[in-house]
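A closer look at the structure
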Amino acid sequence: MPYRAEYIWQDGRKPTSLLRSKTKIVPDGAEPPIWGFDGSSTEQAPGDNSDCVLRPVKVVSDPIRGGDDKLVMCDVLNPDMTPHETNTRVLAVEAEEMYGDQEPWFGLEQEYTFYKDGRPHGWPIGGFPAPQGGYYCGVGADEIWGRDVVEDHTWACMEAGLDISGTNAEVMIGQWEFQIGPAGTVDVGDQLWLARWLLYRIAEDYDISATLNPKPVKGDWNGAGMHTNFSTKAMRESYEPIIAACEALGEKAQEHVKHYGAGIEDRLTGLHETAPWSEYSYGVSDRGASVRIPWQVARDQKGYIEDRRPNANADPYVVASMMVNTICSKLA
Ligand code: ADP
Ligand code: MN
Ligand code: MN
Ligand code: MN
């Protein structure tokens, strides 16, 4: 029997690329081959020279279709097989080639917001929900909206063999989080893009849209981030490299913030468990710092750090490559 392969890739939209996918029927026993698409419809090519190439980079079981069907994460190439200018995965590949010997690990906390009928899920028509306070890790129909989607998504990630490590309801009504990791510099990005695709696709069946908007509701409501937990072998063994990593991030703070997702100034205000985007700080247990050292890490004198700045809409290939380049060049 032939099988269905869903080819998934990042498009060329600015400032934030979104996912596209299409289905290929692949002959029995064959690997998903290189394929192509019309780049003029995805902001990746002009109409008179529209061909772009899809290169499979990670293939997993398709938990939605089941059977022998597959999900195929791809990166985008030009017809001459050079990386397309929208291809950020190659940055992560370069960083891994350069510093993979330090064994970098990432754990990404993907926050997101459900929308239904044009407003955040759970938001009453023409009014306001009760203020924040009970929604984080809440239970009950007065606190929680969309749990059925979350449960389906978690199971789908597990069936696909992704390293999903947990989920929780978030501080803002209709907002949730899942975590992917620990995984390597390139792989964590491949996995996160697949997990994002599964989220959008599964929510579609519930007539709900999941969004990565970093600040869905202005005012006294939490934004959505992609906290990035990071360690190297040396950091997992002693404390000095933990501090060195925090200091290294401080030296390039503004450069990092610029590439941590569009609209970051709206989210990193200094309120709602964030540090202001224009200032850099780190501290133990401090959820108001740019970078947090978890208390267990301070106690054990080894472990990992959490960069709290990346937005929910950040590109994990970009964030991971920057962190590896900035930190590992100092730890070497
Ligand atoms: P928070 O307390 O900030 O909400 P979470 O539990 O949501 O943290 O997420 C922590 C993430 O960090 C998880 O994905 C976990 O797998 C990952 N993680 C744990 N240890 C390490 C490590 N040594 N290096 C990198 N990531 C790690
Ligand atoms: Mn978390
Ligand atoms: Mn969170
Ligand atoms: Mn966190």
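Whatever comes next refers back to the structure up there.
Scope of this entry: the structure provided in the associated data block. (Residues numbered from 1 in each chain as written. Chains lettered and ligands numbered in written order. Predicted model: local features only at pLDDT ≥ 70, side-chain atom pairs only at ≥ 80, totals over all residues. Heavy atoms only, no water.)

Some remarks on the coordination of the manganese ion (ligand 4)
Note on the manganese ion (ligand 4): its protein donors are Glu109 (OE), Glu109 (OE), His227 (ND1) and Glu306 (OE). The metal-donor distances range over 2.0 to 2.5 Å. Mapped onto the sequence, the donors of the manganese ion (ligand 4) take the spacing E-x117-H-x78-E. Here the manganese ion (ligand 4) and the manganese ion (ligand 2) are spaced 3.9 Å apart, and both take glutamate 109 as a donor. Placement of glutamate 109 in strand 6 (residues 105-116) and of glutamate 306 in strand 14 (residues 305-307) is noted, with a sequence separation of 197 residues between them. The pair formed by glutamate 109 and glutamate 306 is uniform in burial state, with each residue classed as buried. (Donors = N, O, S within 2.8 Å, 3.2 Å for Na, K, Ca; no water. Helix = DSSP H or I, 4+ residues; strand = E, 2+ residues; numbered from the N terminus. Buried < 20%, exposed > 50% of the residue type's maximum accessible area, 1.4 Å probe, protein only.)

Quick notes on the packing of aromatic side chains
All chains considered together, the criterion is met by 8 aromatic pairs. On the basis of an interplanar angle of 50 degrees and a centroid distance of 6.5 Å, the ring pair of tyrosine 280 and tyrosine 282 is categorised as tilted. Looking at tyrosine 280, the relative accessible area reads 23%, which means it is partly exposed. Here the aromatic residues Tyr112, Phe114 and Phe178 are joined through ring pairs into a cluster of three or more. (Phe/Tyr/Trp six-rings, centres within 6.5 Å; stacked < 30°, edge-to-face > 60°.)

Observations regarding the packing of helix 1 (residues 89-99) against helix 8 (residues 316-331)
At a minimum axis distance of 8 Å, the contact between helix 1 and helix 8 shows a crossing angle of 25 degrees. Considering the angle they form, helix 1 stands roughly parallel to helix 8. Crossing angle aside, the handedness with which helix 1 passes helix 8 is left-handed. Contacts between helix 1 and helix 8 involve Arg89, Leu91, Ala92, Ala95 and Tyr99 from the first element and Tyr317, Val318, Ser321, Val324, Asn325, Cys328 and Ser329 from the second. The residue inventory of the contact of helix 1 with helix 8, partitioned by class, reads 8 nonpolar, 3 polar and 1 charged. (Axes fitted to C-alpha atoms, helices over the stretch in contact; angles between N-to-C directions. Parallel < 35°, antiparallel > 145°, perpendicular 65-115°, else oblique. Left-handed = near helix turned anticlockwise from the far one by under 90°. Contact = heavy atoms within 4.5 Å. Nonpolar A, V, L, I, M, F, W, Y, C, P; charged D, E, K, R; others polar.)

On their own, these measurements won't tell you what the molecule is for.
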